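What follows is each chain in one-letter form.
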Amino acid sequence: MEDTSKLIGERKTLVGPFPPFNPYKRFEYPHELFLEWFQAAIANGEHEPQSMTLSTTDPYGFPDARILILKDIDENGWYFASSSKSKKGKQLEVNPNVALTFYWSLIGRQVRVRGKVMGMGKERSTNDFLNRGIVARAIALLDKQSSILEKRSDFDIALIEQLNRLKENPASVSNSWTLYRVVAKEVEFWQGNEERKHIRLKFNYDGEKWTQNLLWP
Ligand SMILES: Cc1cc2nc3c(=O)[nH]c(=O)nc-3n(C[C@H](O)[C@H](O)[C@H](O)COP(=O)(O)O)c2cc1C
């Protein structure tokens, strides 16, 4: 036990130096600053800056979270794709309120997004689906994400069937594959500091425009 806490406790958190951040620069939309930070994450060697945590709640209000890939951002929101029949897809139908969390350790930055999810409709979801690799498409065509798998070989057999289906008909599309947009109402940018003098900048949408405020660290 002591060894375990030593093992964990000896890890260093927020080892800088980090790029400078001016929280007084004004932005019309938070995704503009997000894009600056995303580019800084790439420039500083972050391997997967597009990986993010999507938090949802189940019908009893019990939180759930998992990592997904960010597909795009624009002034309307943050985009991700998944199956509407998955656990998260069913949770989103009952409660579309979600949070996204990004952490880019090499630049000491965290971004937190809170908002509401909406499905982007058949055409955009189909486009996203068709841009996936063949194995990813075959797996999505199984339409079983998050349901119980009795044995691994069931998956192997079912996957071969779907791969054959795609070879015969490359335009096959999963009906449940959905491109979702998170329409944000709050976005917080957190710049870590080695001395723990962190900077927090919060964007809030008042229904017409975005406002920016500093938060106490
Ligand atoms: C780096 C990474 C990226 C992932 N990207 C996606 C994704 O874009 N879409 C997706 O449905 N699942 C993705 N997953 C798998 C999810 O974390 C999760 O296991 C799956 O969506 C089922 O979640 P659910 O049971 O809550 O619905 C990813 C996992 C990791 C670790």
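For every chain, the first residue of the written sequence is number 1, and numbering continues from 1 onward in sequence order. In keeping with the predicted nature of the model, local features appear solely for residues at pLDDT of at least 70, side-chain atom pairs appear and are counted solely at 80 or more, and the whole-chain, interface and lining totals rest on all residues. Side-chain figures throughout are based on the complete set of non-hydrogen atoms in the structure, without hydrogens or water.

In the nomenclature of an unreviewed UniProt entry, the protein chain is known as Pyridoxal 5'-phosphate synthase of Metabacillus arenae. For the record of the protein chain, the UniProt heading Sequence similarities (unreviewed entry) holds the text "Belongs to the pyridoxamine 5'-phosphate oxidase family." UniProt positions are given in the numbering used here, feature names are shortened, and annotations may be inferred rather than shown by experiment.

A run of H or I in DSSP counts as a helix once it spans at least four residues, and a run of E counts as a strand once it spans at least two, with each numbered from the N terminus. Within the secondary structure, E195 sits in the loop between β7 (177-191) and β8 (199-205). Given the relative accessible area of 59%, E195 is considered exposed. Through-space distance from the C-alpha of E195 to that of L14 is 9.0 Å; in sequence the pair is 181 residues apart. The definition of a polar contact used here is a pair of N or O atoms within 3.5 Å, where within protein one atom must be able to donate a hydrogen and the other to accept one, and adjacent residues in sequence count solely through side-chain atom pairs. Polar contacts involving the side chain of E195 include one to the side chain of K197, which spans 3.3 Å. Three exposure classes are used, based on accessible area relative to the maximum for each residue type with a 1.4 Å probe and protein chains only: buried under 20%, partly exposed in between, and exposed over 50%.

Here we take up the UniProt feature "domain: Pyridoxine 5'-phosphate oxidase dimerisation C-terminal" (unreviewed entry) in the protein chain. Cross-referencing UniProt, the feature "domain: Pyridoxine 5'-phosphate oxidase dimerisation C-terminal" (unreviewed entry) maps to residues 177-217 in the present numbering. Structurally, residues 177-217 comprises 0% helix and 68% strand, and the distance from its first C-alpha atom to its last is 39 Å.

Attention shifts here to the nonpolar core. If you look at soluble globular proteins, the nonpolar side chains tend to sit buried side by side. Within the largest apolar cluster, 32 residues are counted, with the highest numbers of intra-cluster contacts made by F34 and W78. Contributing elements (two or more residues each) for this core: α2 (30-43), β1 (51-57), β4 (77-83), β5 (97-104), β6 (109-119), β7 and β8. In terms of residue count, α2 provides more of this core than any other element does, 6 residues in total. By nonpolar core is meant a set of buried Ala, Val, Leu, Ile, Met, Phe, Trp, Tyr and Cys residues that side-chain atoms within 4.5 Å join together.

What follows deals with helix α5 (residues 134-142). Looking at α5, one finds that the buried residues are R137, A138, A140, L141 and L142. Contacts are assigned to residue pairs that have any heavy atoms within 4.5 Å of one another. Packed against the buried residues of α5 are α4 (122-130), α6 (152-168) and β7. Just downstream of α5, D143 is the residue with a positive phi angle, here 60°.

A cutoff of 4 Å decides nearness: a residue is near a molecule or strand if any of its heavy atoms lies inside that distance of it. Close to the ligand lie 13 residues; R66, I67, S82, K88 and S146 are nearest. At a separation of 2.6 Å, an oxygen atom of the ligand approaches a polar backbone atom of I67. At a separation of 3.4 Å, an oxygen atom of the ligand approaches a polar side-chain atom of S86. What sets the accessible areas is the Shrake-Rupley method with a 1.4 Å probe; for residues, cover comes only from the shown protein chains. The protein chains hide 67% of the 620 Å² of surface that the ligand would expose on its own. In terms of residue count, the dominant contributor to the shell around the ligand is strand β2 (residues 63-69) (4 residues). Under this grouping Gly is polar, as are all residues other than the nonpolar Ala, Val, Leu, Ile, Met, Phe, Trp, Tyr, Cys and Pro and the charged Asp, Glu, Lys and Arg. Taken together, the residues that form the shell around the ligand break down as 4 nonpolar, 5 polar and 4 charged.

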